Every structure is written in C-alpha cells, then in structure tokens.
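Descriptive structure summary
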Amino acid sequence: MKLGIVGLPNVGKSTLFNAITNAGAEAANYPFCTIEPNVGTVTVPDRRLEYLANMYSPKKVTPAVIEFVDIAGLVKGASKGEGLGNKFLENIRRTDAIVHVVRCFDDENVIHVEGATDPLRDIDIIDLELVMADLEMVTRRLDKVKRGANGGDKKLRHEAEVLAALRDHLDAGKSARSFETDNDDDARLIAESELLSLKPVIYAANMDEAGIADFESNAYYQAVKARADAEGAQVLPICAKTEQELTELSEEERALFLEELGLAESGLDRLIKCSYALLGLISFLTAGADECRAWTITRGTRAPQAAGKIHSDFERGFIRAEIVAFDDLEACGSMAAAKEKGLVRSEGKEYVMRDGDVTLFRFNV
C-alpha cells in the first residue's frame, strides 16, 4: 500500500512524514523544500504476528508494510504548472490513497502560504488543483474516444457519453469521487481512469499540542471533520510536532506521554488503522518454523486469490486452505490444541478470507 502525503506548504506535512517514517526528510519554514518525493516504508504493528512469532520462533518475521510518499507542497495553479505542480501531481497519481495534511493551528512564527489559517480554504485549493488536472486528462481522453466513436462503435459512443458527463462534472469544480454512475460497467470505466480526485482521502488535521489535547473543542478540527463526513472520507486528529517528539522517546516514555495527552495510540498507529478502513483492507497470517508473515488483502478476497498473494502457483494449483481464527488459536495456546477442538477448518475455493485468519494453503501444480 502506498500513501501520498500532500498539503499546502508549511502545514506540517514533512514534519509528519519525518515522524511516522523516521526518514529524515528536510523540514523547513519555506515552500518547496521537498523537491523530490521522499519515500519511507513503515511496518504495520500487529500483535497477532508477535504472538505467532513467540509460538513458532521462526527464522524470519515479516510484517505488512505501508509506503509513505512525501509529496512537495502544492499551490494555486499547480495543475497549470505553477510552483512544482505538474511533477508532483504525477507523483500523487502513483499512490493508492491521499493523506491530506491540513493546518489546524495558529502560529505567527510559521508562515502560511495563503496568509492565514483556514482549513476549508486550504482543502478547496488542493482539491481544485486535482480536479483541474483530471479535467485536462478527461478532456484529452474524450477527444480520442470521440474520434474512435465516429466509426459507429456503440461501446465507444457510450464511453464518450460517460466521459462527457464526467468532464462537465469536473468542470463544475467537483471531484471524481462525487460523480455518480448508472451501472457497474460505467463505475469500472471511471475507476480505471487513474483520476487524482477519485483517490480515497484521509484528512490529517494537524494541530498544536494545546489543540490535540482537546481536539473535539478545536473549531478548525470540527470544520475538517464536517467536510470529511460529507465526503465519506476519514479524518485523523494529529499533532505532527508531538509525533516527532515521540520518536525520540523510549517505549515506556512514549506510553506515558500519550497517556498525559489522553491518547491511546500514536498518530502512526491511528493513521494505519484509518488507511486500512479507507481502502477496505484486512490481513491474514501464515506461520511456521521458517517464517511468520502478515499479508494484506482487500476485504472480500476469496481463498485462491489470497493464496496468489504468496505465489501465483498457490492460486493456480489451489486445493484448499486450512484455517484457524487467530482468536481461537490464541485461546487454545497451540495449533495442536486448536485441531483437537475442531477449530482448524478446511475451506475451499469459495471461502472469503477474514481478518486474522491463520492459514496454510494446500496446492498442487
């Protein structure tokens, strides 16, 4: 999974990236300090994987990972090449979802590129640049499809109609996410178009330490939350400065610091949960003496396709999956005990994988 971190300059975007990846991207109080997209890979914390590792003492433990891409601050006119726009719009295109960092604090010592704090205005600026970039792409594609439809191809003619409706929707300043289609085929057509404003969004409402301590009372946060709720997006209250400070503490000190702030988890842990929920992802687990590993799949994936995540031969020669729910395995204390109680099931090709399934695939090629 690849998440692109975007936002206007000086909203705390690179500070947040540094905190969650410890990758050390330059964070400075001026626009465009992020010239190349910085990439950091973080492991997904999973208590279940740790438990299996203690049970099997494997040679290797492989957690699921998320790749974060810190993309340079966008400004008005980015879709027309202003600032470093075109280059970074293309970087967004290669991500699965967008983490949109929105400034929700006042600080006269940190310059705001638009002059003052206004999170909804900032969101609109970024959204409009993504929409305008999409409008240009859809218009080009529509022209091409229209030329092909001149030969009387009904399929191309219908595609041109859908694209024309989408073009008008984007031209009105609306995102592709809010474009409604009549059927699954049309929805698939839009989904395959690689549109920037179609990507799922997590709004990271970046507050100062006073703001995060009582974020429900923060007017800026409430404004962002209302926008997210209206769009069906996720919102994450966070303090990038605090997250950076957490990276310098021991595990014990970190827990105490979070408790003082009234937070149960770090921003990274909460961001990962938001990402999984937003993209409809779950994890299944494989365990043995050689390796214990967490595998990320889309909710609704059937057993053979899950097996294909490990190796294409597993999917091609799939016979069955031997599965025990992690909670059952933990309650029993061992795989042998789980088998004795009949909790290890044999599932076939139609089985839909569940989060936390501890799985052994049987296959033959």
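Residues numbered from 1 in each chain as written. Predicted model: local features only at pLDDT ≥ 70, side-chain atom pairs only at ≥ 80, totals over all residues. Heavy atoms only, no water.

Regarding its fold elements, the protein chain presents 15 helices and 12 strands. Working note: accessible area of the protein chain is about 17900 Å², and carbon and sulfur atoms make up 47% of it. (Helix = DSSP H or I, 4+ residues; strand = E, 2+ residues; numbered from the N terminus. Areas by Shrake-Rupley, 256 points an atom, 1.4 Å probe, with all protein chains shown as cover.)

Contact geometry of helix α5 (residues 154-171) with helix α6 (residues 184-191) gives a least axis separation of 11 Å together with a crossing angle of 65°. Regarding α5 and α6, the two cross each other, and that crossing is right-handed. On α6, the residues touching His 158, Glu 159, Val 162 and Leu 166 of α5 are Asp 186, Leu 189 and Ile 190. Taken together, the residues of the contact of α5 with α6 break down into 4 nonpolar, 1 polar and 2 charged. (Axes fitted to C-alpha atoms, helices over the stretch in contact; angles between N-to-C directions. Left-handed = near helix turned anticlockwise from the far one by under 90°. Contact = heavy atoms within 4.5 Å. Nonpolar A, V, L, I, M, F, W, Y, C, P; charged D, E, K, R; others polar.)

Here Asp 70 shows up in strand β4 (residues 65-70). Within the structure, the side chain of Asp 70 is placed 3.1 Å from the side chain of Lys 13, a separation counted as a polar contact. Of the polar contacts made by the side chain of Asp 70, one reaches the side chain of Ser 14; its length is 2.9 Å. (Polar contact = N/O pair within 3.5 Å; in protein donor to acceptor, adjacent residues only side chain to side chain.)

Another point: the nonpolar core. Ile 66, Phe 68, Tyr 203 and Val 358 are the most contacted members of the largest nonpolar core, which has 70 residues in total. With 6 residues, the single largest contributor to this core is helix α11 (residues 267-279). Of all hydrophobic cores here, the second largest spans 16 residues; its members include Leu 142, Leu 163, Ala 164 and Leu 195. (Core = buried A, V, L, I, M, F, W, Y, C linked by side-chain atoms within 4.5 Å. Buried < 20%, exposed > 50% of the residue type's maximum accessible area, 1.4 Å probe, protein only.)

Every α-helix carries 3.6 residues per turn, so stepping three or four residues along brings you back to the same face. What helix α2 (residues 47-56) keeps buried is the set Arg 48, Leu 49, Leu 52 and Ala 53. In a view along the axis of α2, the buried residues occupy a sector of 140°, so they form one face of it. Away from its buried face by more than 90 degrees, α2 exposes Glu 50 and Asn 54. Where α2 is buried, its residues touch β3 (60-62), β8 (281-286), β9 (291-298), α14 (326-332) and β12 (357-363). Sitting at the head of α2, Asp 46 places a side-chain oxygen 3.0 Å from the backbone nitrogen of Arg 48. (Arc of directions from axis to C-beta.)

For strand β1 (residues 2-6), a buried count of 4 out of 5 residues is recorded, marking the element as mostly surrounded by other parts of the structure. Two elements, β1 and β4, share 4 bridges in a ladder whose sense is parallel. Along β4, the bridge assignment pairs Leu 3 with Phe 68. (Pairing = 2+ DSSP bridges.)

Moving on, we get to the pattern of salt bridges. A full pass over the atoms with the stated rule returns 23 salt bridges. Arg 177 is paired through a salt bridge with Glu 231; the nearest N and O atoms lie 3.8 Å apart. Pair noted here: Arg 177 is in the loop between α5 and α6 and Glu 231 is in helix α8 (residues 219-231), with a separation of 54 residues, a long-range link. Assessed through its relative accessible area of 30%, Glu 231 is described here as partly exposed. Between Arg 362 and Glu 322 there is a salt bridge, with the nearest N and O atoms lying 3.1 Å from each other. Here Arg 362, found in strand β12, pairs with Glu 322, found in strand β10 (residues 318-325); they are 40 residues apart in sequence, far enough to count as distant. By relative accessible area, which is 17% here, Glu 322 ends up buried. A cluster of three or more residues bridged by salt bridges with shared partners is formed by Asp 46, Arg 48 and Asp 355. (Salt bridge = Lys/Arg side-chain N within 4 Å of Asp/Glu carboxyl O.)

With that settled, consider the side chain of Thr 286. Note that Thr 286 resides in strand β8. The exposure class assigned to Thr 286 is buried, which follows from its relative accessible area of 14%. Reaching out from Thr 286, the side chain makes a polar contact with the side chain of Trp 295 at a distance of 3.0 Å. Residues contacting Thr 286, with those up to four places away along its chain left out, are Glu 291, Cys 292, Arg 293, Trp 295, Ile 310 and Thr 359.

Another aspect to go through is unusual backbone geometry. For Ser 57, which is not a glycine, the phi torsion comes out positive at approximately 45°. For Ser 57, the location among the structural elements is in the loop between α2 and β3. One non-glycine residue, Glu 194, lies in positive phi territory at about 55°. Secondary-structure assignment places Glu 194 in the loop between α6 and β6 (201-206). A relative accessible area of 52% places Glu 194 in the exposed class.

Once that is clear, we can look at the confidence of the model for the protein chain. Mean pLDDT for the protein chain: 86, with 90% of residues reaching 70 or above. Within the model, the stretch residues 25-35 combines pLDDT values under 50 with 32 contacts to residues more than four positions away or in other chains. (pLDDT = per-residue confidence, 0-100.)

Moving on: a negative patch on the surface. Taken together, the side chains of Asp 106, Asp 107, Glu 108 and Asp 208 define an acidic patch exposed on the protein surface. With respect to the helices, strands and loops of the structure, Glu 108 is situated in the loop between β5 (97-103) and α4 (119-149). (Patch = residues over 30% accessible without salt bridge, like charges linked within 9 Å, V, L, I, M, F, W, Y side chains within 5 Å. Lys, Arg positive; Asp, Glu negative; His and termini not counted. Charge placed at Lys NZ, Arg CZ, Asp CG, Glu CD.)

With that settled, consider the sheet that holds strand β7 (residues 234-238). Spatial ordering of the open sheet is given by β2-β4-β1-β5-β6-β7, a layout of 6 strands whose pairing is mixed. Two strands bound the open sheet, and with one partner strand each, they are β2 (38-43) and β7. Geometrically, the sheet is characterised by an average inter-axis angle of 25° between neighbouring strands, direction not taken into account. Here 5 bridges tie β6 to β7, and the two strands are oriented parallel to one another. Across the sheet, residue Asn 206 finds its bridge partner in β7, namely Ile 238. In the packing of α4 onto the sheet, contacts are made with β1, β5 and β6, and the angle to β5 comes to roughly 145°. Each of β5, β6 and β7 is contacted by α8, which is oriented at about 160° to β7, the strand it contacts most.

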